[in-house]
Amino acid sequence: MLSTIQPPRYLSRFPLRGRTKSRSFHILSSAQPVTKTCFAADQSQILSIRDSLLNRHLSAVELTHSYLDRLKQTEPHINCFLHVSDPDKVLKQAQDIDDKIKRNEEVGPLAGVLVAIKDNICTADMPSTGGSYILEGYRPPFDATAVKRLKDLGAIVVGKTNLDEFGMGSTTEASAFKVTANPWDLSRVPGGSSGGSAASVSARQCVVSLGSDTGGSVRQPASFCGVVGLKPTYGRVSRFGLMAYASSLDVIGCFGSSVADTGILLHAISGHDSLDATSSKREVPDFTSQFTYASSLKSRPLEGLRVGLIRETVDAGVDSGVKSAIEGAAAHLEQLGCVLKEVSLPSFSLGLPAYYILASSESSSNLSRYDGVRYGNQASSDELNGLYEESRAKGFGSEVKMRILMGTYALSAGYYDAYYKRAQQVRTIIRKSFKAALDENDILISPAAPSAAYKIGEKKNDPLAMYAGDIMTVNVNLAGLPALVLPCGFVEGGAVGLPVGLQIIGAAFDEFAKHKCLLNGFFERNL
């Protein structure tokens, strides 16, 4: 039975009805004892839910009611969602699952699992705005492939989460509709652009969520919100139905409260898709088949694992508290048997300018479709050029306009070689440097961000300072590699401290495979 979930420490300010003293979030009140066949909630909420449903210790309707109550209670304070699914419809789906179980019919592996979807991922039965006025009220006629696969496995979509407009930002402050707060400290940002998805898992408004990662938009908010965030290898997950920002960098990623949950979610959405020419035809391994439970671990379970700490990520510019947390995590990995050494990537600092040139250039092309004719809300005008100008001027926010202008400039005649072509050359250098480092090390580690969550509004008027916060993550997108972020410590801030995330980088398509590190949970249980 799924009995209690331990949330971030701040959640005592949002007690459930009738509970004002407990710091734990009880999602059900059943008299049934926990059985030996159950999975611990700190290992996997998804597996615990499935076990509880199949053993009739919990109904999908009871579970759904608990999460919906939680969402209703916390949402006015946090603002994770741009659209919440109709509760009656959600409960009807839960009832259908309960009815199937009563009839001893097979239910999907994600049956009863409430999933939140970032609002730049298309859903057929609810709005998909990309966080932009230009798509306000837009309802796609189809589900993104990742969403369809989740639904086919029994997952219930609880709503669409807030984001920086079209994924362009690091705080959700660039959203056209609202700003999401960090559940650990409501005066701070949750990170971005997938801030709504990360905060919804952190606040226990859903079980897991989907985000998108172009330059760190899953990993940075995972660090800020104290949850697990996974960016898969480029091509592992279909991008069909993901609103394009920078097509050669965009991936759909996963959030969960455990490594196991992100692995289950990734397995559900991975695989080749004929609707996306960039999706890989590689066989998808079962990321969940070799999960190792704490009771079976040896005293040094990571014996011989080669871990490279990227030197450039703990140099000047990184907050002392973050640096201490990462160094503490690295020291503990040594105690678990890892062979740790520093690795230098001299090209690491070149990634940030190269990323913003490439991403802005691709966005200037991708966002040309939002012209008031083919896509987007249409402004009134007497002639065509005026219609384009008015529709885009009113529909796009300042951050999107700035990046379109930057990208158009970098691609213009006379500047293409100096900017775009050179950025592509830097990208090649970065790929080679990561390959060389991963040939000598099983994984690489670094902070997920140079600081913990900062105050809302603190960097809104200083875009260069905000962009600098992506320095730890953009190189991974340029190289197309998988990376996992999980909590590894705290720094001072807010009422109870602020979480710090450790970034673990693997070789391409090695989310689990030979090293058994990104998704097996060793780190999660020991950091």
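Conventions used here
- Residues numbered from 1 in each chain as written.
- Predicted model: local features only at pLDDT ≥ 70, side-chain atom pairs only at ≥ 80, totals over all residues.
- Heavy atoms only, no water.
- UniProt positions renumbered as here; feature names shortened; annotations may be inferred.
- Core = buried A, V, L, I, M, F, W, Y, C linked by side-chain atoms within 4.5 Å.
- Buried < 20%, exposed > 50% of the residue type's maximum accessible area, 1.4 Å probe, protein only.
- Pairing = 2+ DSSP bridges.
- Helix = DSSP H or I, 4+ residues; strand = E, 2+ residues; numbered from the N terminus.
- Axes fitted to C-alpha atoms, helices over the stretch in contact; angles between N-to-C directions.
- Contact = heavy atoms within 4.5 Å.
- Salt bridge = Lys/Arg side-chain N within 4 Å of Asp/Glu carboxyl O.
- Expected span 1.5 Å × (residues − 1).
- Arc of directions from axis to C-beta.
- Right-handed = clockwise from strand over helix to strand, strands pointing away.
- Patch = residues over 30% accessible without salt bridge, like charges linked within 9 Å, V, L, I, M, F, W, Y side chains within 5 Å.
- Areas by Shrake-Rupley, 256 points an atom, 1.4 Å probe, with all protein chains shown as cover.
- pLDDT = per-residue confidence, 0-100.
- Polar contact = N/O pair within 3.5 Å; in protein donor to acceptor, adjacent residues only side chain to side chain.

- Under an unreviewed UniProt entry, the name given to the protein chain is Glutamyl-tRNA(Gln) amidotransferase subunit A, chloroplastic/mitochondrial, and the source organism is Gossypium darwinii.
- UniProt, in the comment section headed Catalytic activity (unreviewed entry), describes the protein chain in these words: "L-glutamyl-tRNA(Gln) + L-glutamine + ATP + H2O = L-glutaminyl-tRNA(Gln) + L-glutamate + ADP + phosphate + H(+)".
- Quoted straight from UniProt, the Function (unreviewed entry) entry for the protein chain says "Allows the formation of correctly charged Gln-tRNA(Gln) through the transamidation of misacylated Glu-tRNA(Gln) in chloroplasts and mitochondria. The reaction takes place in the presence of glutamine and ATP through an activated gamma-phospho-Glu-tRNA(Gln)."

Quick notes on the nonpolar core
Part 1: By size, the foremost hydrophobic cluster in this structure holds 94 residues, and its most contacted members are Leu 150, Leu 210 and Ile 445.
Part 2: Counting 40 residues, the second largest nonpolar core, distinct from the first, contains Met 168, Tyr 420, Val 474 and Leu 478.

A word on the sheet that holds strand E3 (residues 81-84)
Part 1: With mixed pairing, the 11 strands of this open sheet are ordered in space as E3-E5-E4-E6-E8-E7-E12-E13-E11-E9-E10. Since the sheet does not close on itself, it has two edges, and those belong to E3 and strand E10 (339-343), each with one partner. Averaged over all neighbouring strand pairs, the angle between strand axes comes to 30 degrees, with direction disregarded.
Part 2: As defined by bridge partners, E3 adjoins strand E5 (residues 156-161) across 3 bridges and the pair is classed as antiparallel. Within the sheet, the bridge partner assigned to Phe 81 lies in E5 and is Thr 161.
Part 3: Of the strands in this sheet, strand E6 (208-213), strand E7 (228-231), strand E8 (251-256) and strand E12 (483-491) are in contact with helix H7 (residues 259-269), which crosses E8 at around 145 degrees.

Looking at the pattern of salt bridges
Part 1: Taken as a whole and judged by the stated rule, the model has 18 salt bridges.
Part 2: The partner of Asp 143 in a salt bridge is Lys 151, with the nearest N and O atoms 3.1 Å apart.
Part 3: In this structure, the salt-bridge partner of Arg 236 is Glu 511, at a minimum N-O distance of 2.9 Å. Pair noted here: Arg 236 is in the loop between E7 and E8 and Glu 511 is in the loop between strand E13 (498-505) and helix H15 (522-526), with a separation of 275 residues, a long-range link.
Part 4: Classification of Glu 511 as buried rests on a relative accessible area of 0%.

Overview of helix H5 (residues 195-202)
An α-helical turn contains 3.6 residues, so a residue and the one three or four places further along point in the same direction.
Part 1: With 8 of 8 residues buried, H5 is to be regarded as a mostly interior element.
Part 2: For H5, the set of buried residues is Gly 195, Gly 196, Ser 197, Ala 198, Ala 199, Ser 200, Val 201 and Ser 202.
Part 3: Where H5 ends, the next residue or the one after it, Arg 204, has phi of about 60 degrees, a positive value.

Observations regarding helix H8 (residues 320-335)
Part 1: An ideal rise of 1.5 Å per residue puts 22 Å on 16 residues; H8 measures up with 23 Å between its terminal C-alpha atoms.
Part 2: Residues Val 322, Ala 325, Ile 326, Ala 329, Ala 330 and Leu 333 constitute the buried set of H8. Along the axis of H8, the buried positions cluster into a sector of 135 degrees, meaning they face one direction only. Those residues of H8 that are exposed and aimed more than 90 degrees away from the buried face are Ser 320 and Gln 335.
Part 3: Immediately beyond the C-terminal end of H8, within one or two residues, lies Gly 337, with a positive phi of roughly 110 degrees.

A word on the pairing of strand E9 (residues 306-310)
Part 1: In terms of residue burial, E9 counts as a mostly covered element, since 4 of its 5 residues are buried.
Part 2: Examined bridge by bridge, E9 and E10 share 5 bridges and lie parallel to one another. Looking across to E10, one finds that Arg 306 is bridged to Val 339.
Part 3: Handedness of the E9-H8-E10 crossover: right-handed.

Considerations on a nonpolar patch on the surface
Part 1: A cluster of nonpolar side chains, namely Tyr 409, Tyr 415 and Tyr 419, defines an oily patch on the protein surface of about 290 Å² accessible area.
Part 2: One can find Tyr 415 in the loop between helix H11 (398-411) and helix H12 (417-440).

Focus on the confidence of the model for the protein chain
Part 1: Taken as a whole, the protein chain shows an average pLDDT of 89; of its residues, 88% reach a score of 70 or greater.
Part 2: Throughout residues 1-42 the model reports pLDDT below 50, and contacts reaching past four residues in sequence, or to other chains, amount to 92 contacts.

Things to note about the UniProt feature "active site" (unreviewed entry) in the protein chain
Part 1: If you check UniProt for "active site" (unreviewed entry), the listed places come out as Lys 118, Ser 193 and Ser 217 in our numbering. Taken along the chain, the residues just named run across 100 residues; in space they keep tight, none of their C-alpha pairs more than 11.0 Å apart.
Part 2: Within the secondary structure, Lys 118 is located in strand E4 (residues 114-118).
Part 3: Judged by relative accessible area, which is 0%, Lys 118 ranks as buried.
Part 4: Ignoring sequence-local partners within four residues, the contact set of Lys 118 consists of Lys 160, Thr 161, Leu 163, Ser 193, Ser 194, Ser 197, Leu 210, Gly 211, Ser 212 and Ser 217.
Part 5: At 2.7 Å, the side chain of Lys 118 and the side chain of Ser 193 are in polar contact.
Part 6: Along the polypeptide, Ser 193 turns up in the loop between E5 and H5.
Part 7: By relative accessible area, which is 1% here, Ser 193 ends up buried.
Part 8: Those residues in contact with Ser 193, other than ones at most four positions away along the chain, are Lys 118, Asn 162, Leu 163, Asp 164, Gly 167, Met 168, Gly 169, Thr 172 and Ser 217.

Quick look at the environment of Ala 437
Part 1: Relative to the elements of secondary structure, Ala 437 occurs in helix H12.
Part 2: Look at Ala 437 and you get buried, because its relative accessible area is 6%.
Part 3: Ala 437 sits 92 residues away from Leu 345 along the chain, and the two C-alpha atoms are 8.0 Å apart.
Part 4: Every residue in contact with Ala 437, bar those within four places of it in the chain, is listed here: Val 343, Leu 345 and Leu 444.

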